[in-house]
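Geometric and topological summary
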Amino acid sequence: MRWVALLVLCATGVCAQTTPDLEGRVAELERKMRQLDPDFTPSGSPADLSGRLAALEKKMEDLLSQRAAAPPPAAETTPKPAETAAQPALEAIPPAAAALQPVSYSAPPEKADEEHRLPVAGYMDFHLNKESGDSFRPDFHRFVLLFGHSFSDRIKFWSEFELEHALLEGGEETGEVALEQAYLDFLVKPYLNFRAGMMLTPVGIINERHEPPAFNGVERPFVETLIIPTTWRELGFGITGDLGRGFRYRAYMISSLDASRFDAAEGITGGRTAGFDASFRNPAKVARLEYAGIRRLTLGTSFYTGHAGFNTPGINPRVSLAEFDGRYSFRRLDFRGLFANTWLNRAGELNHRLMQQSGINPNIARQMRGWYLEPAIHVMPRRLRNDVILFARYEKYNTQHRMPDGYVPLDQFNRSSWVTGVTFKPNADVAIKFDYVFNRNKSSVVRPLDGINLGVGWWF
Amino acid sequence: MKRLCLLLLCSAAFAAQKADSGKPDRVITIVAERFTFNPSKIVLKEGETAEFVLLSDDTDHGFRIPSAGVDLAIPQQSKGEARVRFVARKRGKYVFECSRPCGAGHNLMRGVIIVK
């Protein structure tokens, strides 16, 4: 009797676990089969769970075997024979064990009208800009193609080739064709890698993250145009790495700025060499430290220092720049902010020398400063694929913040702007933008113009 | 003896049920965003089964572990997630990286799985 009771107890225990588990597994497998094969229809008696499960497992195994036998998609990286020959130490459970669904996607299955990836990446920016009293001016601002190549898992190439303003014509004031990036990465350890070539200077938010869907506003922030001269790229080499716990760094030695092209309105912006006629006699040093250890929070700080006098004989002023920035998202709210200050020593002597050369006083400041804050709100529910973002950005930027002795600041370059607008994203990689820009300055003589901007930008 | 056999039979039935339930030892969510994985360092115990839930906070990314022959697409924000399950068979460090070009910092969008 005790034997029978024990047997019944065990059998009950097994059945108590079996029936709901079987139902759950059958339902799960049927759901996944429908993802893999939209024409799939369940078969078998609803009561015969074991039979249905066995049939489903066989069918899924067949389907996965067929897919495994098919040639891989072009974009997929095929593992090297050396990697696949030996049993990997960290092993993905093979698809043959289909009942456990080792590799599964919860994304919807690919449909005929789904996006298809090309072997190159890129981004584009088309704008309509209007200043008060003027008409709309269309501008295909940027057409950028990006190419990369992996020589091996440790040596990788990356490049960015850009056409600005749609046209380049010899001898005319038109657009520009530029090599924005072209560098090799030598990946050694997570915390220590080497990089060399044409590189983006790691300063601020936008300079290294300037894909149009990655920021609000048709044009980039003024502070990250006039105080931090994006897109700022130079020739050089350096080290990069991930220090763990969310800390990453980049430290480069790069070609220096050209002080002969600094001015009052745009500060150091004109001094970028962009790799053309650059000098490495006194290479500049730049470093950035970032913290991204908490989801949706990124904090960063950058420092730059270097002499810039290779085109101003006898005067070799030092440019230093310090910058702090942060981005944070909380539920449907985004915040970003940045502060940057630039120092230029021997600014008085530089002004004097440039005035001797050109006859015009460039009135370059010895300090330039700017900051901005930008709150934004996503007004559509997160579950929807479309996104509408309302934003407002306040910017204060003064390229005449501190003047050398004997020079008076020009108040029209002590500026502030409110940029308010909306970004509509029908896809995470496509941004349709509108904004209104209220420009102000401290001058009682020169009044700035407000502006309206429309734009569409995309990344692929 | 018969009693022992019966008990073993019952135990085996329970054990088979548990194994078939397919629950990993750990489920770890990894969020990809230009140009970082968060977390970028994952520590597993030897023999542990871990399931990674891969999400993007912006564009499409990839999740490639060269030493395991794995290369998955991570769908862009609000277009779902990718999942992959591993058995950590041997101690060591295994680098994972983004395999879908995503911008200027793509080459350094990497992380490491440490099996202890």
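Note that the coordinates shown come from a computational prediction; the quantities given were computed from them, not determined experimentally. Residue numbers restart at each chain and count upward from 1, following the sequence in its written direction. A letter from A marks each chain and a number from 1 marks each ligand, given out in the order of writing. Thresholds applied to this predicted model are a pLDDT of at least 70 for local features of residues and 80 or more for the giving and counting of side-chain atom pairs; totals over whole chains, interfaces and linings are not thresholded and use all residues.

**Section: the overall build of chain B**
On a plain count of helices and strands, chain B comes out with 1 helix and 9 strands. For chain B, the N- to C-terminal ordering of α and β elements is α-β-β-β-β-β-β-β-β-β. Counting across all 116 residues of chain B, residues that qualify as buried make up 48%. Whether two residues are in contact is decided by their C-beta atoms, placed from the backbone, lying within 7 Å. If you take every contact in chain B between residues at least 6 apart in sequence, the share linking residues at least 24 apart comes to 61%. Counting from the N terminus, the helices are DSSP H or I runs at least four residues long and the strands are E runs at least two residues long. Buried residues are those with 20 or more other C-beta atoms within 10 Å of their own C-beta, exposed residues have 12 or fewer, and partly exposed residues lie in between; C-beta atoms are placed from the backbone.

**A closer look at the overall build of chain A**
Along the backbone of chain A there are 5 helices and 18 strands. In chain A, which comprises 460 residues, the share counted as buried stands at 33%. A separation threshold of at least 6 residues defines the contact pool for chain A, and within that pool the share at least 24 residues apart is 58%.

**A short note on the nonpolar core**
Throughout this description, the term nonpolar core refers to a group of buried Ala, Val, Leu, Ile, Met, Phe, Trp, Tyr and Cys residues whose C-beta atoms join them within 7 Å. The biggest cluster of nonpolar side chains holds 42 residues, and the ones touching the most others in it are V223, I227 and I364 of chain A. Of all elements in the fold, only β7 (192-200), α4 (223-227), β9 (247-254), β10 (284-294), β12 (318-330), β13 (333-344), α5 (347-358) and β14 (367-378) of chain A reach the threshold of two or more residues within this core. Beyond its immediate stretch of four places on either side in the chain, I364 of chain A contacts F262, D263, A264, L344, A347, L350 and N351 of chain A. Within the second largest apolar cluster, 29 residues are counted, among which are I30, F35, F37 and C102 of chain B.

**Observations regarding α5 of chain A**
Residue and element names in this part refer to chain A. Expected helix span is given by 1.5 Å per residue-to-residue step, counting one fewer step than there are residues. In this model α5 runs 16 Å from its N-terminal to its C-terminal C-alpha over 12 residues, within 8% of the 16 Å that 1.5 Å per residue would give. Taken together, the buried positions of α5 are occupied by A347, L350, N351, R353 and L354. Buried residues of α5, viewed axially, fall in a sector of 170°; they line one side. The secondary structure elements touched by the buried residues of α5 are β13. Immediately downstream of α5, the backbone of G359 shows phi near 85°, a positive value. Comment: arc refers to directions from the helix axis out to C-beta atoms.

**Some remarks on the pairing of strand β15 (residues 387-402) of chain A**
All names here are of chain A. A pair of strands counts as paired when DSSP detects no fewer than two bridges linking them. Taken together, the 9 bridges between β14 and β15 define a ladder with antiparallel strand orientation. Bridging across to β15, W371 finds its partner in K396. In terms of strand pairing, β15 meets strand β16 (residues 414-427) through 12 bridges, oriented antiparallel. Across the sheet, the residue bridging to A392 is T420, located in β16.

**Let's talk about the environment of I206 of chain A**
Residue and element names in this part refer to chain A. Along the chain, the position of I206 falls in the loop between β7 and α4. Here the alpha-carbon distance between I206 and T230, two residues 24 residues apart in the chain, equals 7.2 Å. Residue contacts for I206: discarding those within four places in its chain leaves F215, R220, P221, E224 and T230.

**With respect to the confidence of the model for chain A**
Residues and elements named next belong to chain A. Values of pLDDT, ranging from 0 to 100, describe the predictor's confidence in every residue of the model. In the predicted model, chain A carries a mean pLDDT of 83, and the fraction of residues at 70 or more is 76%. Here helix α3 (residues 81-85) stands out as the least confident element of chain A, with mean pLDDT 36; β14 is the most confident, with 98. Counting interchain partners and residues more than four positions distant, the pLDDT-below-50 stretch residues 4-18 has 10 contacts. Confidence drops under pLDDT 50 across residues 94-110; counting only partners more than four residues distant or on other chains, this segment forms 37 contacts.

**A look at the pairing of strand β6 (residues 176-189) of chain A**
Remember that side chains alternate between the two faces of the sheet whenever the strand is regular. Residue and element names in this part refer to chain A. Sheet topology places strand β5 (residues 155-164) next to β6; 10 bridges connect them, and they run antiparallel. Bridging from a neighbouring strand, E160 pairs with Q181 of β6. The hairpin turn running from β6 into β7, its antiparallel successor, is 2 residues long.

**Structural notes on unusual backbone geometry**
Here T230 of chain A and T231 of chain A are connected by a cis peptide whose omega angle stands at -5°. Mapped onto the elements, T231 of chain A comes out in the loop between α4 and β8 (233-244). In this structure, the amide linkage connecting N38 of chain B to the following residue, P39 of chain B, adopts the cis form with an omega of 0°. Inspection of the secondary structure assignment puts P39 of chain B in the loop between β2 (36-38) and β3 (41-44). The phi dihedral of R245 of chain A falls on the positive side, at around 55°, and the residue is not glycine.

**Here's the deal with the confidence of the model for chain B**
Residue and element names in this part refer to chain B. When the pLDDT values of chain B are averaged, the result is 82; 81% of them are 70 or greater. For chain B, the element scoring lowest by mean pLDDT is helix α1 (residues 2-20), at 47; strand β1 (residues 26-33) scores highest, at 93. Contacts from residues 8-21, a stretch scored under 50 in pLDDT, to residues over four places away or in other chains number 10 contacts. Reported for the predicted complex are a pTM of 0.76 and an ipTM of 0.78.

**Description of the environment of K130 of chain A**
All names here are of chain A. Take K130: it is sitting in strand β3 (residues 121-131). What makes K130 partly exposed here is the crowd of 15 C-beta atoms within 10 Å. C-alpha separation for the pair K130 and R245, spaced 115 residues apart in sequence, amounts to 46 Å. In this structure K130 touches S135, F136, R137, G451 and I452, once residues within four positions along its chain are discounted.

**Digging into the environment of P448 of chain A**
All names here are of chain A. With respect to the helices and strands, the residue P448 is situated in the loop between β17 (430-441) and β18 (451-459). Between the alpha carbons of P448 and R415 there is a distance of 8.9 Å; along the sequence they are 33 residues apart. Setting aside its immediate chain neighbours within four residues, P448 contacts R415, N439, R440 and N441.

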